[in-house]
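So you can see what is in the structure, the chains are spelled out below.
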Amino acid sequence: MRHFLVMTAFAVAAAVVFGVVAKDSPRDRLYYGLKVFVEFLVIGLVLGWVLYFLPF
Amino acid sequence: MANVDNERADDVAPAKAWLMGVAGWVFPGLGHLLQGKVGRALLLGGAVWGCFIAGLWMGGHLFFISGGDQSSSVLLQVPPMIANLGAGLLYIAAWVLGIGFADDPVHAARATYEYGNTFLLIAGLLNYLCMLDAFDISAGRKS
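Residues numbered from 1 in each chain as written. Chains lettered and ligands numbered in written order. Predicted model: local features only at pLDDT ≥ 70, side-chain atom pairs only at ≥ 80, totals over all residues. Heavy atoms only, no water.

Enquirer: I keep staring at the overall build of chain A and nothing clicks. Help me out?
Expert: Helix and strand counts for chain A come out as two helices and zero strands. Here chain A has a C-alpha radius of gyration of 14 Å; the compact-globule value for 56 residues is 10 Å, and the former is much larger. Taking the principal axes of its C-alpha atoms as reference, chain A extends roughly 45 × 20 × 15 Å. Here chain A holds 56 residues, and the buried ones make up 27% of them. Of the roughly 4100 Å² of accessible surface on chain A, a fraction of 76% belongs to carbon and sulfur atoms. (Helix = DSSP H or I, 4+ residues; strand = E, 2+ residues; numbered from the N terminus. Rg over C-alpha atoms; globule rule 2.2 N^0.38 Å. Buried < 20%, exposed > 50% of the residue type's maximum accessible area, 1.4 Å probe, protein only. Areas by Shrake-Rupley, 256 points an atom, 1.4 Å probe, with all protein chains shown as cover.)

Enquirer: Whenever I open this one, the side chain of B:H32 confuses me. Can you help?
Expert: Residue and element names in this part refer to chain B. With respect to the secondary-structure elements, H32 resides in helix 3 (residues 30–33). A relative accessible area of 2% places H32 in the buried class. Residues within four places of H32 in sequence aside, it is in contact with K37, R40, A41, L44, C130, D133, A134 and I137. (Contact = heavy atoms within 4.5 Å.)

Enquirer: Can you help me understand the interface of chain B and chain A in this one?
Expert: Bring the parts together and some accessible area is lost; that lost area is often taken as the interface size. Each side of the interface is counted separately: chain B has 17 residues, and chain A has 14 residues. Both sides of the chain B and chain A interface together cover about 1400 Å² of buried area, and 76% of this is carbon and sulfur. Put simply, chain B and chain A have zero salt bridges between them. The tally of links from chain B across to chain A stands at two residue pairs in polar contact (both at pLDDT 80 or more). Mapped onto the side of chain B that touches chain A, the elements with two or more residues apiece are helix 4 (38–57) and helix 8 (113–138) of chain B. (Buried area = accessible area lost by both parts, 1.4 Å probe. Salt bridge = Lys/Arg side-chain N within 4 Å of Asp/Glu carboxyl O. Polar contact = N/O pair within 3.5 Å; in protein donor to acceptor, adjacent residues only side chain to side chain.)

Enquirer: Please clarify how the environment of B:A41 should be interpreted in this entry.
Expert: Residues and elements named next belong to chain B. Its location among the elements puts A41 in helix 4. Given a relative accessible area of 7%, A41 falls into the buried group. Ignoring sequence-local partners within four residues, the contact set of A41 consists of G29, H32, L33 and G46.

Enquirer: Where do I start with the packing of helix 1 (residues 2–22) of chain A against helix 4 of chain B in this structure?
Expert: Where helix 1 of chain A contacts helix 4 of chain B, the axes come no closer than 9 Å and their chain directions differ by 150°. Taken together, the axes of helix 1 of chain A and helix 4 of chain B are roughly antiparallel relative to one another. The crossing of helix 1 of chain A and helix 4 of chain B is left-handed. Listed contacts from helix 4 of chain B to A:R2, A:A13, A:V16, A:V17, A:V20 and A:V21 of helix 1 of chain A are B:R40, B:L43, B:L44, B:A47, B:C51 and B:W57. Looking at side-chain class alone, the contact of helix 1 of chain A with helix 4 of chain B contains 10 nonpolar, no polar and two charged residues. (Axes fitted to C-alpha atoms, helices over the stretch in contact; angles between N-to-C directions. Parallel < 35°, antiparallel > 145°, perpendicular 65-115°, else oblique. Left-handed = near helix turned anticlockwise from the far one by under 90°. Nonpolar A, V, L, I, M, F, W, Y, C, P; charged D, E, K, R; others polar.)

Enquirer: What is the right way to look at the nonpolar core in this model?
Expert: One recurring pattern in soluble globular proteins is that nonpolar side chains are buried together. A:V17, B:L44, B:C51, B:F52, B:L62, B:F119 and B:L126 are the most contacted members of the largest nonpolar core, which has 24 residues in total. For A:V17, the contacting residues outside a window of four places in its chain are B:L44, B:A47, B:L126, B:L129 and B:C130. (Core = buried A, V, L, I, M, F, W, Y, C linked by side-chain atoms within 4.5 Å.)

Enquirer: I'm lost on a nonpolar patch on the surface in this one. Help?
Expert: Nonpolar side chains collect at one region of the surface, where A:V38, A:V42, A:I43, A:V46, A:L47, A:V50, A:L51, A:L54 and A:F56 lie side by side and expose about 890 Å² of accessible area between them. In this structure, A:V42 sits in helix 2 (residues 26–53). (Patch = residues over 30% accessible without salt bridge, like charges linked within 9 Å, V, L, I, M, F, W, Y side chains within 5 Å.)

Enquirer: Looking at this structure, I do not really get the layout of surface pockets. What am I missing?
Expert: Think of a ball as big as a water molecule: rolled over the atoms, this probe shows where empty space is left. Size it by volume and the largest pocket reaches roughly 200 Å³. Taken together, A:V12, A:A15, A:V16, A:G19, A:V20, A:R29, A:L30, A:G33, A:L34, A:F37 and B:L43 form the lining of the largest pocket. Going through the elements one at a time, helix 1 and helix 2 of chain A are the ones with two or more residues in the lining of the largest pocket. Among the residues making up the lining of the largest pocket, the classes are represented as eight nonpolar, two polar and one charged. (1 Å grid on protein atoms, 1.4 Å probe; cavity = no way out; pocket = protein on both sides within 12 Å on 5 of 7 lines; lining within 4 Å. Points joined across faces, edges and corners; volume = space filled by probe spheres on them.)

Right under this line is the structure:
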């Protein structure tokens, strides 16, 4: 659980900066930030499971 | 021809833009704050500060090139040090206070050691983005 919380904290920080820096309007920033946040979490979980099944 | 010269003149960033960029690097969030972008300063500065403090709290290690190490492995310290340096004053303050630079095995054995390293690296890299954003806003390339 702690690993997931740390990953979530990382995703929040990165998503905030990416969202604010990359887009111009507040609405676009919010959507892009949410998109980046979800992508970080989903890709992190998928990679975690893929690596779990690797024998090396 | 005159139009081309005007465009070139517009491309040159004013000294203020460089100042904002440096301010953003030295103190995360300050580059935006000085331009009146309080909300953006709080969000960006908060993210960088949060990452850095969380990294130290988790026992992360800050990288630097030590003069005593003459082997080629010292080159491996350069990229993470550049990333860490992005945190500006936070990195310098940690260096002055001797926080996060210890190289002891007990520290490295903590379960959150690698997480801490990552957070410290990301804090610096995110601040480079914030710094460039402050520069672009001041240069009139962004709103």
